[in-house]
Amino acid sequence: MEISGGEEGAEFGGPRGERMLVPSLKVQDLIEEIRGAKTQAQEREVIQKECAHIRASFRDGDPLHRHRQLAKLLYVHMLGYPAHFGQMECLKLIASPRFTDKRVGYLGAMLLLDERQDAHLLITNSIKNDLSQGTQAVQGLALCTLSTMGSAEMCRDLATEVEKLLLQPSPYVRKKAVLTAVHMIRKVPELSTVFLPPCAQLLHERHHGILLGTITLIMELCERSPAALKHFRKVVPQLVQILRTLLTTGYSTEHSISGVSDPFLQVQILRLLRILGRNHEESSETMNDLLAQVATNTDTSRNAGNAVLFETVLTILDIRSAAGLRVLAVNILGRFLLNSDKNIRYVALTSLLRLVQSDHSAVQRHRPTVVECLQEPDTSLSRRALELSLALVNSSNVRAMTQELQGFLQSCPTDLRADCASGILLAAERYAPTKRWHIDTILRVLTTAGAHVRDDAVANLTQLIGGAQELHAYSVRRLYCALAEDISQQPLVQVAAWCIGEYGDLLLEGSCEEIEPLQVEEEEVLALLERVLQSHMSLPATRGYALTALMKLSTRLRGDNNRIRQVVSIYGSCLDVELQQRAVEYDTLFRKYDHMRAAILEKMPLVERGGPQVDEEAKESKEARLLEAAPVPTEPQASKLLDLLDLLDGPSEDAQHPRPLDPSPGGALVHLLDLPCAPPPAAPIPNLKVFEREGLQLSLSFVRPPETPALLLITVTATNTSGGDVTHFICQAAVPKSFQLQLQAPSGDTVPAQGGLPMTQLLRILNPNKAPLRLKLRLTYTHFGQSVQEIFEVNNLPVETWQ
Amino acid sequence: MIKAILIFNNHGKPRLSKFYQPYSEDTQQQIIRETFHLVSKRDENVCNFLEGGLLIGGSDNKLIYRHYATLYFVFCVDSSESELGILDLIQRFPRSSCTWRKPGLNFHVSFPTGVTKVFVETLDKCFENVCELDLIFHVDKVHNILAEMVMGGMVLETNMNEIVTQIDAQNKLEKSEAGLAGAPARAVSAVKNMNLPEIPRNINIGDISIKVPNLPSFK
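This text gives an overview of the structure that appears in the document. (Residues numbered from 1 in each chain as written. Chains lettered and ligands numbered in written order. Predicted model: local features only at pLDDT ≥ 70, side-chain atom pairs only at ≥ 80, totals over all residues. Heavy atoms only, no water.)

**Here's the deal with the sheet that holds strand β4 (residues 696–703) of chain A**
Residues and elements named next belong to chain A. A sheet is described by the order of its strands in space; here five strands give the open sequence β3-β4-β5-β8-β7, paired in antiparallel fashion. The strands lining the two open edges of the sheet, one partner per strand, are β3 (688–693) and β7 (740–743). Sheet twist, expressed as the average angle between the axes of neighbouring strands with direction ignored, equals 20 degrees. (Pairing = 2+ DSSP bridges. Helix = DSSP H or I, 4+ residues; strand = E, 2+ residues; numbered from the N terminus. Axes fitted to C-alpha atoms, helices over the stretch in contact; angles between N-to-C directions.)

Structural data, given as structure tokens:
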């Protein structure tokens, strides 16, 4: 192969090393020199020297060798060195009449200029000239450059030129013009109108290059505008014909690859058919036969055939195809999963993942094969298999699948662990058959991949355990054993510490039918928690859990608490502020408030999953702050609500004692009823008079703001038509558990006599579940020298208040 | 669409880099480095697809690559391209088996597929059994060949013969342009290539006898 650019006469006799007159290296010689450099520094030196020469040459403006200088510069640019000073030279070379110059110039433009620099617009004129007057080769160069780096302005300027070239006789230029049109539409979508009309004619071409480009163009047009999509549905029969011809024509050596005639064109046609047939019955029907033919007749012994078959399968599954055809398509994919070629398996897994939403049951049939792919050493494949496996988990196969996934978790590469762990936990949450299984699964995940689980896993697990009373003994035992083995996995340690703290007494009882009997001594438990506290692997949060657990055990264990007291007092001088605070508080609890200790450290109430009321951390901090609270803290209105609910149970000893969430059987208010789902009407809700006694009237008015349908605003208005003032008026309200109530401050606590200024109070009720509203009001006031207390339930609440 | 085409060797040195979307120079070099990093970690018997790195556009993009002895051919594509199709493009199955014959670079290409096929096979035809050194010293040629196959990130032409014909025509055009200015150069190369010892020692034309002295070879 000859070296392009000709050999340089001026170099005759000048060996490489000498730099006497104006010896300029040939490109190859420069490359040799660069390769000869032993170190990076040497290479940089060589290149810098050469760049200096190049710059000088550009300044002197030597037209004969400019292309060579630029070629050298482009090589240097590829290696990563700055070459921006060559940009202007590109322009000069493009403007030159010689083909050699133009070739290098356009290449330089593609590599050095891009739309972010203003200089790029300067070549627009040259391109225009070349497009209209150049030879075919030159037109090709111009089109190529335009399609690679053409900016929106350039495209707008040159659209008409390109359009003209679409109808030129030479197929070489036309195919390039078509692809340039695609690029132009991407940059300037308005040009679609210019390039849409020629498509119909271009489809009649026989040249494969033009056809390929035209189909790409049509795809781009259809994706951008639904009107174009409708327009091109007309050509579906034509496309089907072209594809059929490709399939039935004999072996054409030019375009065929491994016996399949022009697989690229086939693939593009199939893709366009997919776009046109989507959601369109008529077009889909036209294609059905052809797709069936391709699916059954394509030779799959070579990759080219497989590429076509894959596109066919994807097309079948995306359009409104016949049911039998769909089954065939999924089966083909299943067959590909068993192929020995890894590339095929990869593409099969990717395609199945796309289908798993729409054809779930069909993909389920291939579940065993997918699970096998998890064992692949190739990470690309195992990642795909993992995604697909997680998508295939459902309630019937959750046990088996979790087993497989857990096995995978143990051996999978690190970058997949986090995804795998969170996938398993998510699947377990959605489909867990029993609570015990659920706890076991989470436990196993925490043991295997504790460092990779999401932050809320700990909270979820504690909530789960807390809510399953029958499993407390079982959980605490298992967690204790797990903790005794390994105290390094932080999420596991945190959950275990919490559990031991809460249910330590169950741990020591020794008998639990679901697990082997375990004899645990008190000292062992305390020793373990102390170890966690002292271990350098424990995070500060973990230490907090352990300390609190120790504290709780002081009430659960029967032995004396000296050991615990000792630990607590040691940590009173710990450097970590949080730990120190807790330790000091617990110490105070021992010393000064010992009588309250049992009540404060009582077992937590049963947690309801998803309940907003109870949060593990919030509980912890509440307990910690108890001791700093003043004897009678200012209670928010909400706690008056507590009093209201507890009215029937008698006065509560400690205002902040966490009240049981399961109200007593005589509970005043009812749980959730059925949820209606009628949309809220916009009509105003009539006022309601709810109370009347000796001239004092209470009425309610309702407002439901349209933007928050769950919110109900009630304004309580108290009017007094009697002769005496009503003083010390307090109105309280109570609602069922599922509602949230907020009472705002009343306008006053006196309702003057003789129809004086009424007192108003606003109630905000949040009803996310749209449950029927029940409202109980309690009034206390002084009227005519007598104190009155009234409690009543509001009847006849209009339906619009809660629907 | 195809976002970038990269060829680099086993040590990460770029042999060809073409980007079809505007990236700054620094980003381009970073992309080359990152791609090399990802691709060089792969074993021999794994599939030819990789999820793309963070720089070249995230979850939608894939790297489709083929490894031949000392060179990696990498196409960075988005999800609109057919993976197997691109592999075919990288190399077309040659009618004769393709061997890379420079010393030290012997290897056989088996099961070639896709767009990668067409590319490597075309290179093979244009350079006559192409090897890495050809790519190193004739980068601009490789760019020209690539420009006939992929334009603006889209596949332009896959018929190998057409591509080769075009390239030949363009090269002829260049050579003819060198024309008169190239004459001294051609004379020089002719003289250099002359093999003096082969010239007959005695030239006898009619009754003129010229004795040719014993000249050493010019080389």
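Read on, since the account is not over.
**Description of the environment of Leu91 of chain A**
Residue and element names in this part refer to chain A. As for its placement among the helices and strands, Leu91 is situated in helix α4 (residues 87–95). On the basis of relative accessible area, Leu91 is assigned to the buried category, the value being 15%. Along the sequence, Leu91 and Ile123 sit 32 residues apart, while their C-alpha atoms lie 6.2 Å from each other. Setting aside anything within four residues of it in sequence, one finds Leu91 in contact with Leu113, Leu122 and Ile123. (Buried < 20%, exposed > 50% of the residue type's maximum accessible area, 1.4 Å probe, protein only. Contact = heavy atoms within 4.5 Å.)

**Some details on empty space enclosed by the protein**
Enumeration over the complete set of coordinates arrives at seven cavities of 30 Å³ or more. If you go around the largest cavity, you meet 14 residues; those closest to its centre are Leu141 and Cys144 of chain A together with Asn144, Ala147 and Glu148 of chain B. Mapped by element, the contributors of at least two residues to the lining of the largest cavity are α5 (99–112), α7 (136–149) and α9 (171–187) of chain A together with α5 (139–149) of chain B. Across the lining of the largest cavity, the residue classes tally to seven nonpolar, four polar and three charged. (1 Å grid on protein atoms, 1.4 Å probe; cavity = no way out; pocket = protein on both sides within 12 Å on 5 of 7 lines; lining within 4 Å. Points joined across faces, edges and corners; volume = space filled by probe spheres on them. Nonpolar A, V, L, I, M, F, W, Y, C, P; charged D, E, K, R; others polar.)

**Things to note about the interface of chain B and chain A**
Contacts between the two partners involve 71 residues from chain B, matched on the other side by 71 residues from chain A. In total, chain B and chain A occlude about 6,300 Å² of area from one another, counting both sides; carbon and sulfur atoms represent 56% of this. Considering only the surface of chain B that becomes buried against chain A, Leu84, Phe137 and Met151 of chain B emerge as the three largest contributors, covering 11% of it. Linking chain B to chain A there are six salt bridges. Linking chain B with chain A are 19 residue pairs in polar contact (both at pLDDT 80 or more). Per element, the largest residue contribution to the side of chain B that touches chain A is nine residues, and it comes from helix α6 (residues 160–178) of chain B. Looking at side-chain class alone, the side of chain B that touches chain A contains 29 nonpolar, 22 polar and 20 charged residues. (Buried area = accessible area lost by both parts, 1.4 Å probe. Salt bridge = Lys/Arg side-chain N within 4 Å of Asp/Glu carboxyl O. Polar contact = N/O pair within 3.5 Å; in protein donor to acceptor, adjacent residues only side chain to side chain.)

**Points about the sheet that holds strand β6 (residues 726–734) of chain A**
Residue and element names in this part refer to chain A. Ordered in space as β6-β9-β10, the three strands form an open sheet in which the pairing is antiparallel. Strands at the two margins of the open sheet, each flanked by one partner only, are β6 and β10 (786–793). In this sheet, neighbouring strand axes are inclined to one another by 10 degrees on average, regardless of whether the strands run parallel or antiparallel. Relative to strand β9 (residues 776–783), β6 runs antiparallel, the two sharing seven bridges. Directly across from Val726, in β9, lies its bridge partner His783.

**Topic: the pairing of β4 of chain A**
All names here are of chain A. Summarising the sheet, β3 and β4 pair through five bridges and their orientation is antiparallel. The partner of Leu688 across the bridge, within β4, is Leu700. Summarising the sheet, β4 and strand β5 (residues 711–720) pair through eight bridges and their orientation is antiparallel. When the sheet's bridge partners are listed, Leu700 is paired in β5 with Val716.

**Examining the packing of aromatic side chains**
In total, this model carries 12 aromatic pairs over all chains according to the counting rule given. Ring geometry for Phe75 of chain B versus Phe119 of chain B: centroids 6.5 Å apart, planes at 70 degrees, classification edge-to-face. Taken together, the residues span a long stretch of sequence, with Phe75 of chain B in strand β5 (residues 71–77) and Phe119 of chain B in helix α3 (residues 115–127) at a distance of 44 residues. With respect to class, Phe75 of chain B is no different from Phe119 of chain B; both count as buried. Among the aromatic side chains, those forming a connected cluster through ring pairs are Tyr68, Phe73, Phe75 and Phe119 of chain B. Directly above the ring of Phe85 of chain A sits Arg55 of chain A, whose terminal nitrogen or CZ lies 4.6 Å from the centroid. Across from the ring centre of Tyr474 of chain A, 4.4 Å away, lies the NZ or CZ of Arg436 of chain A, which sits over that ring. (Phe/Tyr/Trp six-rings, centres within 6.5 Å; stacked < 30°, edge-to-face > 60°. Lys NZ or Arg CZ within 6 Å of the ring centre and 35° of its normal.)

**Observations concerning the packing of α5 of chain B against α6 of chain B**
All names here are of chain B. With their axes 10 Å apart at the nearest point, α5 and α6 run at an angle of 135 degrees to one another. Viewed along their axes, α5 and α6 adopt a mutual orientation that is oblique. Viewed along their axes, α5 and α6 form a crossing whose handedness is right-handed. Here Asn144, Ile145, Glu148 and Met149 of α5 come into contact with α6, specifically with Ile163, Gln166, Ile167 and Gln170. For the contact of α5 with α6, the per-class residue count stands at four nonpolar, three polar and one charged. (Parallel < 35°, antiparallel > 145°, perpendicular 65-115°, else oblique. Left-handed = near helix turned anticlockwise from the far one by under 90°.)

Interpretation note: all reported values are geometric properties and have no functional meaning in isolation.
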